[in-house]
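These are the residues of each chain, in order.
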Amino acid sequence: MSIMYKSTRGMQGEFPASVAIIKGLADDGGLFVPERIPKLSIELSALRGMSYQETAYHIMKEFLTDYTEEELKSCIEKAYDNKFDTPEIAPLVKRGDQYFLELFHGATIAFKDMALSILPHLLTTAMKKNKIDKEIVILTATSGDTGKAALAGFADVPGTRIIVFYPKGGVSKIQELQMVTQKGKNTRVIGVHGNFDDCQTGVKNIFSDRELREEIGENGYQFSSANSINIGRLVPQIAYYAYAYGSMLRMEEIKEGDLLDVVVPTGNFGNILAAYYAKQMGIPIGKLVCASNENKVLFDFFKTGSYDKNREFILTSSPSMDILISSNLERLIYLLCNQDATRNAAFMKSLSETGSYEITAEMKEKLSDFYGAYATEQEVFSTIHEIYDRTGYVIDTHTAVAAFADQVYKKDENTSNKSIIVSTASPFKFTRNVMKAVAPSYTDTDDFKMVDELGRLAGVKVPAAIEEIRNAQVLHEQVCDAKSMRYAVKESLGM
Ligand SMILES: *Cc1c(COP(=O)(O)O)cnc(C)c1O
């Protein structure tokens, strides 16, 4: 059965998946959502024996119904290949008494690769299907990991250009180096004087600027997005929850039908929303534990039903989660108000005008699938240290937020469900803070010496993604104010 997509804010019209992927954001500033969430059409037991690619196909075909089987399989094959350093793509490992779903085996060693290695293929296929001859300009705001993953995915892809905005000073040294050394004629990386929310708001404003859209259209360009507001990013992410369930079956850690809890280090709410969609599809997921760092706006929301971003923005050791406006929460709010776009639009208007909104008691009741927890900086460091001490396994700062939340949740709720911790980045991406936690007495401050030492301590080979940037040349040095992002875009397009 075919699935069409519509805006969360009530704009008229329904669009096939390929059009929603090209547009990225709806013209009224809303997010594209499927008219309904399809059910899994295979037996749960089948997941046990499936490869990552097969699993991805069975999930994605339910959502991207205007892609042919051949198109979809071709996209999947090109995405999940030896760019990943393991044929498993998303291995599930047991360390101590905890399970970790490692999503950092792709080209840029963060979970963003799971979706961004396939998005360029979904997009170029969509352009062909819809006979679009304009050059697609991918505009991306990044808190650190999306930027590099999108650059790697789109570099030198014909018919596309990519412009990435990142908060100058708000990302890790390694994250910044990964981005500013990016090759490819169609790539542009720009630092912004501001934080991630400034970057994201700037990009959203550019998208909803009709005049600018028309002007660039006349020059042969069309905007699209590689951020998790693009439905083409969300759908591929559902696959690894199905795959994780299959892995737990294969490892005989659960039986078919057993509920599996998932603990997700959360920023923009994309990853955990994919888990929610997986649950709606019929994969037996129990609680969705939403793990926040000290920017705990989501923790407060789950507790009180009030979303309030009017607070200090804290720069933490898990920068990819330093976010106060979690864009994808809008898709959940929309479901909570029974797909009533008018009501959702009113909440979002309140958010942009006052920085807050409060959901009704009836909506709050439907949040019982979620459990909110957060970790302080101190708790992040002690969790990394403790897990390393006990098991020899080194996790990154974002994963540590989730590993801590997992413990809080288990202490608080008496459950017999097993849980998986979603590991979103390689520790090598956040070496400085990880080393601080693992070996507090270590004193050398050269980032790459630390990388080598971490490899030795963890007993792990330094990933190729890090070796690549050791001596790479800086190719992007542009910096701008949040206010002038619009001009930077026009300038980079030669307008
Ligand atoms: C992006 C990111 C997150 C947050 O994921 P969301 O989908 O934005 O909630 C967590 N950890 C890492 C390492 C990330 O790159």
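Above: the structure in question.
Note that the structure is a prediction, hence the values are computed from the model and not measured.

Quick word on the sheet that holds strand β3 (residues 32-34)
Phase 1: Pairing is antiparallel in the open sheet, where three strands are placed in the order β2-β1-β3. Only two strands of the sheet have a single partner each, and these edge strands are β2 (15-16) and β3.
Phase 2: For strand β1 (residues 4-7) and β2, the ladder comprises two bridges, and the chain directions are antiparallel. Across the sheet, residue Tyr-5 finds its bridge partner in β2, namely Phe-15.

Regarding helix α6 (residues 119-129)
Note that an α-helix has 3.6 residues per turn; residues three or four places apart therefore point the same way.
Phase 1: With eight of eleven residues buried, α6 is to be regarded as a mostly interior element.
Phase 2: Listed as buried for α6 are Leu-119, Pro-120, Leu-122, Leu-123, Thr-124, Thr-125, Ala-126 and Met-127.
Phase 3: Looking one or two residues beyond α6, the residue adopting positive phi is Lys-131, at roughly 50°.

Some details on the packing of helix α11 (residues 231-250) against helix α12 (residues 270-281)
Phase 1: Remark: α11 packs on α12, axes separated minimally by 8 Å, with the N-to-C direction vectors making an angle of 65°. Classified by the interaxial angle, the pair formed by α11 and α12 is roughly perpendicular. Considering how the two elements wind past one another, α11 and α12 form a crossing that is right-handed. Taken together, the residues of α12 that come into contact with α11 (itself represented by Leu-234, Gln-237, Ile-238, Tyr-240 and Tyr-241) are Gly-270, Asn-271, Leu-273, Ala-274, Ala-275, Tyr-277, Ala-278 and Met-281.
Phase 2: Each residue belonging to the contact of α11 with α12 can be placed in one class, and the counts come to ten nonpolar, three polar and no charged.

A closer look at the pairing of strand β10 (residues 260-265)
Phase 1: With respect to burial, β10 is a largely interior element, six of its six residues being buried.
Phase 2: On β10, burial covers both faces: Leu-260, Val-262 and Val-264 on one face and Asp-261, Val-263 and Pro-265 on the other are all buried.
Phase 3: One ladder, built from five bridges, connects β10 with strand β11 (residues 285-292); its direction is parallel. When the sheet's bridge partners are listed, Val-263 is paired in β11 with Val-289.
Phase 4: In this view, the connection linking β10 to its parallel neighbour β11 by way of α12 has right-handed handedness.
Phase 5: Bridging between β10 and strand β15 (residues 418-423) involves four bridges; their strand directions are parallel. By the bridge assignment, Asp-261 is partnered in β15 with Ser-419.

Observations concerning the packing of aromatic side chains
Each aromatic ring pair is specified by the distance between its two centres and by the angle formed by the two planes.
Phase 1: Summed over the entire model, instances satisfying the criterion amount to 19 aromatic pairs.
Phase 2: Ring geometry for Tyr-52 versus Tyr-80: centroids 5.2 Å apart, planes at 70°, classification edge-to-face. Of the two residues, Tyr-52 sits in helix α3 (residues 52-63) while Tyr-80 sits in the loop between α4 (69-79) and β4 (92-95), which places them 28 residues apart along the sequence.
Phase 3: Ring geometry for Phe-269 and Phe-370: centres 5.9 Å apart, planes at 35°, overall tilted. Highlighted residues: Phe-269 in the loop between β10 and α12 and Phe-370 in strand β14 (residues 370-374), separated in sequence by 101 residues.

A word on the sheet that holds strand β7 (residues 160-167)
Phase 1: On the basis of which strands lie adjacent, the open sheet formed by five strands has the order β9-β6-β7-β8-β16 and parallel pairing. This sheet does not close on itself; its edge strands, each paired only once, are β9 (221-225) and β16 (479-481). Going across the sheet, the axis of each strand differs from the next one's by a mean of 30°, ignoring polarity.
Phase 2: Pairing of β7 with strand β8 (residues 187-193) involves six bridges; the strand directions are parallel.

Observations concerning the pairing of β7
Two faces make up the sheet, and in a regular strand the side chains alternate between them.
Phase 1: Taken across its eight residues, β7 has seven buried, putting it largely inside the fold.
Phase 2: Judged from the six bridges that link them, strand β6 (residues 135-141) and β7 form a sheet pairing that is parallel. When the bridges of β7 are listed, Val-137 appears paired with Arg-161.
Phase 3: This β-α-β element, β6 to helix α7 (residues 145-154) to β7, shows right-handed connectivity.
Phase 4: Considered for its hand, the β-α-β crossover made up of β7, helix α8 (residues 173-180) and β8 is right-handed.

Points about the site of the ligand
Phase 1: Around the ligand, a shell composed of 15 residues is seen, among which Lys-112, Asp-145, Gly-267, Asn-268 and Thr-424 lie nearest.
Phase 2: Between an oxygen atom of the ligand and a side-chain N or O atom of Lys-112, the distance comes to 2.6 Å.
Phase 3: For the ligand, whose accessible area on its own is 380 Å², the fraction buried by protein is 98%.
Phase 4: By residue class, the composition of the shell around the ligand is five nonpolar, eight polar and two charged.

Section: the pattern of salt bridges
Phase 1: Counting across every chain of the model gives 26 salt bridges.
Phase 2: Of the charged contacts, one joins Glu-491 and Arg-188 as a salt bridge, the two residues approaching to 3.3 Å between their closest N and O atoms. Here the residue Glu-491 occupies a position in helix α22 (residues 485-492), and Arg-188 occupies one in strand β8, the gap between them amounting to 303 residues.
Phase 3: Given a relative accessible area of 24%, Arg-188 falls into the partly exposed group.
Phase 4: In this structure, Glu-353 engages Lys-349 in a salt bridge whose closest nitrogen and oxygen atoms are separated by 3.7 Å. In this pair, Glu-353 and Lys-349 are both assigned in helix α15 (residues 341-354), four residues apart and thus about one turn of the helix distant.
Phase 5: Looking at Glu-353, the relative accessible area reads 57%, which means it is exposed.
Phase 6: Salt bridges sharing partners connect three or more residues here, namely Lys-94, Glu-253 and Lys-418.

Quick word on the side chain of Ser-225
Phase 1: Here Ser-225 shows up in strand β9.
Phase 2: A polar atom in the side chain of Ser-225 sits 2.9 Å from the backbone nitrogen of Asn-227.
Phase 3: Dropping the residues within four chain positions of it, Ser-225 is found in contact with Gly-24, Leu-119, Ile-138, Leu-139, Phe-207 and Asn-230.

Overview of α7
Phase 1: By the criterion of burial, α7 is predominantly enclosed, with nine of the ten residues buried.
Phase 2: For α7, the complete set of buried residues consists of Asp-145, Thr-146, Gly-147, Lys-148, Ala-149, Ala-150, Leu-151, Gly-153 and Phe-154.
Phase 3: Looking at the residues trailing α7, positive phi occurs at Asp-156, about 60°.

Here is what the cut-offs are and how they apply
- Residues numbered from 1 in each chain as written.
- Predicted model: local features only at pLDDT ≥ 70, side-chain atom pairs only at ≥ 80, totals over all residues.
- Heavy atoms only, no water.
- Pairing = 2+ DSSP bridges.
- Helix = DSSP H or I, 4+ residues; strand = E, 2+ residues; numbered from the N terminus.
- Buried < 20%, exposed > 50% of the residue type's maximum accessible area, 1.4 Å probe, protein only.
- Axes fitted to C-alpha atoms, helices over the stretch in contact; angles between N-to-C directions.
- Parallel < 35°, antiparallel > 145°, perpendicular 65-115°, else oblique.
- Left-handed = near helix turned anticlockwise from the far one by under 90°.
- Contact = heavy atoms within 4.5 Å.
- Nonpolar A, V, L, I, M, F, W, Y, C, P; charged D, E, K, R; others polar.
- Right-handed = clockwise from strand over helix to strand, strands pointing away.
- Phe/Tyr/Trp six-rings, centres within 6.5 Å; stacked < 30°, edge-to-face > 60°.
- Near = heavy atom within 4 Å.
- Polar contact = N/O pair within 3.5 Å; in protein donor to acceptor, adjacent residues only side chain to side chain.
- Areas by Shrake-Rupley, 256 points an atom, 1.4 Å probe, with all protein chains shown as cover.
- Salt bridge = Lys/Arg side-chain N within 4 Å of Asp/Glu carboxyl O.

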